Number of protein chains: 6
Amino acid sequence: MGPVTISRRFDFSASHRYYRDDWSEEENRRVFGLCALPNGHGHNYTLEVAVSGEPDPATGMVINLVDLKSAVEGVLVDFDHKHLNLDTPWFTDRQPTTENLAAVLWDRIADTLAGATLSRLRLYEADDLYVDYFGATA
Amino acid sequence: MGPVTISRRFDFSASHRYYRDDWSEEENRRVFGLCALPNGHGHNYTLEVAVSGEPDPATGMVINLVDLKSAVEGVLVDFDHKHLNLDTPWFTDRQPTTENLAAVLWDRIADTLAGATLSRLRLYEADDLYVDYFGATA
Amino acid sequence: MGPVTISRRFDFSASHRYYRDDWSEEENRRVFGLCALPNGHGHNYTLEVAVSGEPDPATGMVINLVDLKSAVEGVLVDFDHKHLNLDTPWFTDRQPTTENLAAVLWDRIADTLAGATLSRLRLYEADDLYVDYFGATA
Amino acid sequence: MGPVTISRRFDFSASHRYYRDDWSEEENRRVFGLCALPNGHGHNYTLEVAVSGEPDPATGMVINLVDLKSAVEGVLVDFDHKHLNLDTPWFTDRQPTTENLAAVLWDRIADTLAGATLSRLRLYEADDLYVDYFGATA
Amino acid sequence: MGPVTISRRFDFSASHRYYRDDWSEEENRRVFGLCALPNGHGHNYTLEVAVSGEPDPATGMVINLVDLKSAVEGVLVDFDHKHLNLDTPWFTDRQPTTENLAAVLWDRIADTLAGATLSRLRLYEADDLYVDYFGATA
Amino acid sequence: MGPVTISRRFDFSASHRYYRDDWSEEENRRVFGLCALPNGHGHNYTLEVAVSGEPDPATGMVINLVDLKSAVEGVLVDFDHKHLNLDTPWFTDRQPTTENLAAVLWDRIADTLAGATLSRLRLYEADDLYVDYFGATA
């Protein structure tokens, strides 16, 4: 029939802070604004995971959604209700922006989807702000 | 000016069941879960129909939305308030998954849009689950 | 401080049919329209469960959301992915309209919330259609 | 004509943690779950502020929305991008639950609306979870 | 069983302008801001019509939605795609604010619902701004 | 890491009319329907502005959202609360359709984003209707 992309949304909550130790306090506030405040703030993140391929003729499915849910939730448990800077190892040398968070999630999720092709991550930090990421080789 | 894609959403409700007669009851339940229950269940589907092209210089439109609405609703009348397995002819040899339903809708709708190019169907089975389909030759 | 109402949404999918055996086919179609078709159709239902009271001074909570989730999901398992007419015992002598379904859900859920006051159920049959129910004594 | 209630939504982001120092670590985790983690997590909050009254015959307005916006944003600046436990004075002796946060916001906002009647605050912690608060005397 | 309120949403688009001829240009701009500009601006309005009562035991319905739809759309045809100040007779002596528009719609719709009780109109001027109206005697 | 696209939504309200002076009244009504009415009607428009690129390693950002907000709002001030036909210079020789409005907005916004690549504009005229535009050379 032709390839189909199936997308499913997942929710998690986390907090973060944008701050560079090699910058002055003033420079941090000028570039990062309120996001540089010391105790951080938080968001409800929504992640859309898109998987592409020809549907299996036997099941009519690109991927069994039970498997997709299990794989993605197995990754998100390391981010949900966490402080991204303090509770996870991925943001010691880069800021936990939505852009960088999407790339971290891509690497974690792509590894878990044996046999299926991750084609896009869309990560909402708020209803009116989101990023699309297609992997390092896109 | 350059090509524009215009997308309009349509709603319909239907019920369906995932089940293969050549599989055991256990295999059906293992693969399809609650979707294999005998009497089916249902969804509010939302279909986004995307049509692309250069706007007509006289009208500023890629397609007159009255024509698009008429064409798509003429197709959806065969699906709305129906049981996809029992009341339609398209799912006798394939499962009525969102993936397969999108492909069936594509073939029906593309035929009705004389002169306009159907560029994407996005079919939501629920707020957090949707597929994108671009046709067999995409 | 004063009473607070906390509302949480839950989703389920089901199918149904409106039909009275003591009416002619014509009368059923005149009153129920497409909803009278023999094989039924379906919806994604969204249920908002509202619980009211003074927050517990120790926890700041009207009800622990883990308990609320457990109670409501324990009820919804009897409705999710079911055909309301054929797979449940509650619609043998009344139509499975959104109005009646809300009343059935109220009786089931109110019984499970020991110590908390169910104050409203809002049941969406679609994004643009919902009912509010406050119990038989409201 | 009769009273009208006008409601306007506002957004802010914050982080928080549920934890009682007079409880053991185990008790905190049993009651508050992931919300007891030490570094907190965060949310995009949405606040609906409802003001009621007879519209002014000269303007047709219950309240000038410029005034409402100014009053509410003047309050929310103390919460936006903050850690509710660490950066605000209101949660030293109570948990920063959505219930308690709504009551704190009520007291702050009601004081700023000279001449207009605050009739309800609806505070969303997430799309599927919100509280309604009507003041201490409701 | 107890009374049920059923609410259905309807959409229409219109333009309007806030301006008092008995005020100076400066006073109009001070009070009404951009809404006082001479050529008007517009909105997508969403109207939620709530009807309350005991469901009919025969049908399980508070009101047949086909009748509700017909009644409300029969009213909205006079507002849809219109300039509220110039194309309708209701705003010659009052401003077309959301508050006043809700009251006008109430009087028109309540008259058409023979046998059913209109219990609330909720009128959205935008996603983040709406009014609730309960009639002159509420 | 790979390119990221970041999208932010902006809202504005405007009114418009579709009409060609070189067509008869009948032809205008046949093609444009209610949109040809003399006094115009209006919409709440939502504009999604997508900017693409490699995130800056120092900040983790494709574009500083403060700069994006400032640039886009500096453009939208010429459209917000305006009548597109009467109050702006862009629709004297073309209809203010969503298609044409997207192209006008593209040219205005692309000029303001020094150093960043505008990759898509998505313009909603209503919740169920939107266009995507990628520039004249797309």
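Shown above is the structure to which this text applies.
The structure presented is a predicted model; accordingly, all values stated were derived computationally and were not measured.

Analysis parameters
Residues numbered from 1 in each chain as written. Chains lettered and ligands numbered in written order. Predicted model: local features only at pLDDT ≥ 70, side-chain atom pairs only at ≥ 80, totals over all residues. Heavy atoms only, no water. Helix = DSSP H or I, 4+ residues; strand = E, 2+ residues; numbered from the N terminus. Buried < 20%, exposed > 50% of the residue type's maximum accessible area, 1.4 Å probe, protein only. Pairing = 2+ DSSP bridges. Core = buried A, V, L, I, M, F, W, Y, C linked by side-chain atoms within 4.5 Å. Contact = heavy atoms within 4.5 Å. Least-squares fit on C-alpha atoms with pLDDT ≥ 70 in both. Phe/Tyr/Trp six-rings, centres within 6.5 Å; stacked < 30°, edge-to-face > 60°. Lys NZ or Arg CZ within 6 Å of the ring centre and 35° of its normal. Salt bridge = Lys/Arg side-chain N within 4 Å of Asp/Glu carboxyl O. Polar contact = N/O pair within 3.5 Å; in protein donor to acceptor, adjacent residues only side chain to side chain. Buried area = accessible area lost by both parts, 1.4 Å probe. Nonpolar A, V, L, I, M, F, W, Y, C, P; charged D, E, K, R; others polar. Expected span 1.5 Å × (residues − 1). Arc of directions from axis to C-beta.

Peer 1: Sorry if this is basic, but what is going on with the environment of C:Pro3 here?
Peer 2: With respect to the helices and strands, C:Pro3 occurs in the segment before β1 (4-16). When the C-alpha atoms of C:Pro3 and C:Gly53 are compared, they prove to be 4.9 Å apart, with 50 residues separating the residues in sequence.

Peer 1: What is the right way to look at the pairing of strand β1 (residues 4-16) of chain A in this model?
Peer 2: Every regular strand shows the same layout, with side chains that alternate between the two sheet faces. Counted residue by residue, β1(A) has eleven buried out of 13 residues, so it is predominantly covered. In the sheet, β1(A) pairs with strand β5 (residues 129-133) of chain B via five bridges, with the strands oriented antiparallel. What sits directly across from A:Ser7, in β5(B), is B:Tyr130. Across 13 bridges, β1(A) lies against strand β2 (residues 41-53) of chain A in antiparallel orientation. Pairing of A:Phe12 across the sheet is with A:Tyr45, part of β2(A).

Peer 1: Looking at this structure, I do not really get the nonpolar core. What am I missing?
Peer 2: Side chains that are nonpolar tend, in soluble globular proteins, to be buried together. Membership of the largest hydrophobic core comes to 100 residues, with the highest contact counts inside it found for C:Leu105, D:Leu105 and E:Leu105. Ignoring anything within four residues of it in the chain, the contact list for C:Leu105 reads C:Phe12, C:Leu47, C:Val75, C:Leu76, C:Phe79, C:Leu121 and C:Leu123. In terms of nonpolar packing, the next biggest core, distinct from the first, is built from 99 residues, A:Leu76, F:Val4, F:Leu68 and F:Ala71 among them.

Peer 1: What am I meant to see in the relation of the copies chain E and chain D here?
Peer 2: Two chain copies, one operation linking them: a rotation about an axis together with a shift along it. The two copies are related by a screw operation: chain E maps onto chain D through 120° of rotation and 0.0 Å of translation along the axis, at an RMSD of 0.0 Å. Read as a symmetry element, the transformation amounts to a three-fold axis. Minimal C-alpha distance to the rotation axis in chain E is attained by E:Asp127, lying at 8.2 Å.

Peer 1: Explanation requested: the packing of aromatic side chains in the structure shown.
Peer 2: Note on aromatic pairs: each is described by the distance of the centres and the angle between the planes. Considering all chains together, one arrives at 40 aromatic pairs over all chains under this definition. Between A:Tyr124 and A:Tyr130, the aromatic rings sit 4.8 Å apart at their centres with planes inclined by 45°, giving tilted as the arrangement. Take A:Tyr124: its relative accessible area is 12%, and that puts it in the buried class. In textbook terms, an aromatic cluster arises when at least three aromatic residues are bridged by ring pairs, as seen for B:Phe12, B:Tyr45, B:Phe79 and B:Trp90. One residue, B:Arg8, lies across the ring of B:Phe10, its end atom 5.0 Å from the ring centre.

Peer 1: It is not clear to me how the pattern of salt bridges should be interpreted in this structure. Could you clarify?
Peer 2: For the coordinates displayed, the defined rule picks out 54 salt bridges over all chains. Among the ionic pairs, B:Asp78 bridges to B:Arg108, the shortest N-O distance being 3.3 Å. One end of the pair, B:Asp78, is in the loop between α2 (65-76) and β3 (82-83); the other, B:Arg108, is in helix α4 (residues 98-110), and 30 residues separate them in sequence. Overlapping salt bridges bring together A:Arg9, A:Glu48, A:Arg120, A:Arg122 and A:Asp132 as one network.

Peer 1: Please clarify how the relation of the copies chain E and chain F should be interpreted in this entry.
Peer 2: With an RMSD of 0.0 Å, chain E superimposes on chain F once it is rotated by 180° and translated 0.0 Å along the axis. Taken together, the rotation and translation relating the two chain copies correspond to the operation of a two-fold axis. Here 100% of the interface residues in chain E have copies in chain F that are interface residues too; the copies meet face to matching face.

Peer 1: Please clarify how the environment of D:Glu54 should be interpreted in this entry.
Peer 2: Residue and element names in this part refer to chain D. Structurally, the position occupied by Glu 54 is in the loop between β2 (41-53) and α2 (65-76). The spacing of Glu 54 and His 41 is 13 residues in sequence and 42 Å in space, taken between C-alpha atoms. If near-sequence neighbours (up to four positions away) are discounted, Glu 54 is found in contact with Met 1, Gly 2 and Pro 3.

Peer 1: I tried to follow the environment of B:Thr46 on my own but got confused; where do I start?
Peer 2: Residue and element names in this part refer to chain B. Among the secondary structure elements, Thr 46 is positioned in strand β2 (residues 41-53). Taking the C-alpha atoms as reference points, Thr 46 and Tyr 124, separated by 78 residues in sequence, lie 5.0 Å from one another. In this structure, Thr 46 is in contact with Arg 9, Phe 10, Asp 11, Arg 122, Leu 123 and Tyr 124, ignoring residues within four places of it in sequence. Looking at Thr 46, its side chain comes within polar contact range of the side chain of Asp 11, at 3.0 Å.

Peer 1: Just to check I follow, could you spell out the interface of chain E and chain F for this structure?
Peer 2: For an interface, size is often stated in terms of accessible area lost upon the parts coming together. With 20 residues of chain E at the contact, the number on the chain F side is 20 residues. Between chain E and chain F the total buried area reaches about 1,600 Å² when both faces are included, carbon and sulfur atoms providing 53% of it. For the chain E face of the interface with chain F, the top three residues by lost area are E:Asn39, E:Asn44 and E:His81, together amounting to 37%. Counting the contacts that link chain E with chain F gives zero salt bridges. Elements supplying a minimum of two residues to the side of chain E that touches chain F: β1 (4-16), β2 (41-53), β3 (82-83), α3 (84-87) and β4 (117-126) of chain E. Broken down by element, the side of chain E that touches chain F gets its largest block of residues, four residues, from β2(E). Split into classes, the residues belonging to the side of chain E that touches chain F amount to six nonpolar, ten polar and four charged.

Peer 1: Where do I start with the pairing of strand β5 (residues 129-133) of chain E in this structure?
Peer 2: Residues and elements named next belong to chain E. Among the five residues that make up β5, five are buried, leaving the element largely enclosed by the rest of the structure. Here β5 shows two buried faces, one formed by Leu 129, Val 131 and Tyr 133 and the other by Tyr 130 and Asp 132. Pairing geometry for β4 and β5, over five bridges, is antiparallel. Bridge pairing in β5 places Arg 122 opposite Asp 132.

Peer 1: Is there a simple way to think about the interface of chain E and chain D in this case?
Peer 2: The interface of chain E with chain D comprises 22 residues on the first partner and 21 residues on the second. The largest per-residue losses of area from chain E upon contact with chain D belong to E:Glu99, E:Asp128 and E:Tyr130, which jointly make up 33% of the total buried on that side. The interface formed by chain E and chain D includes one salt bridge. The residue E:Asp128 makes a salt bridge to D:Arg8 at a minimum N-O spacing of 3.9 Å. Across the contact surface, chain E and chain D share twelve residue pairs in polar contact (both at pLDDT 80 or more). Sorting the residues of the side of chain E that touches chain D by element identifies α1 (25-32), α4 (98-110), β4 and β5 of chain E as the ones contributing at least two each. With five residues, β5(E) is the single largest residue contributor to the side of chain E that touches chain D. In the side of chain E that touches chain D, the residues fall into twelve nonpolar, four polar and six charged.

Peer 1: Looking at this structure, I do not really get α2(B). What am I missing?
Peer 2: Because each turn of an α-helix spans 3.6 residues, side chains separated by three or four positions in sequence point in the same direction. All names here are of chain B. Compared with an ideal rise of 1.5 Å per residue, which puts twelve residues at 16 Å, α2 spans 16 Å between its outermost C-alpha atoms and is within 8% of the ideal. Turning to α2, its buried residues are Leu 68, Ala 71, Val 72, Val 75 and Leu 76. One face of α2 carries all of its buried residues, which in axial projection span an arc of 130°. Pointing more than 90 degrees away from the buried face of α2 are the exposed residues Val 66 and Asp 67.

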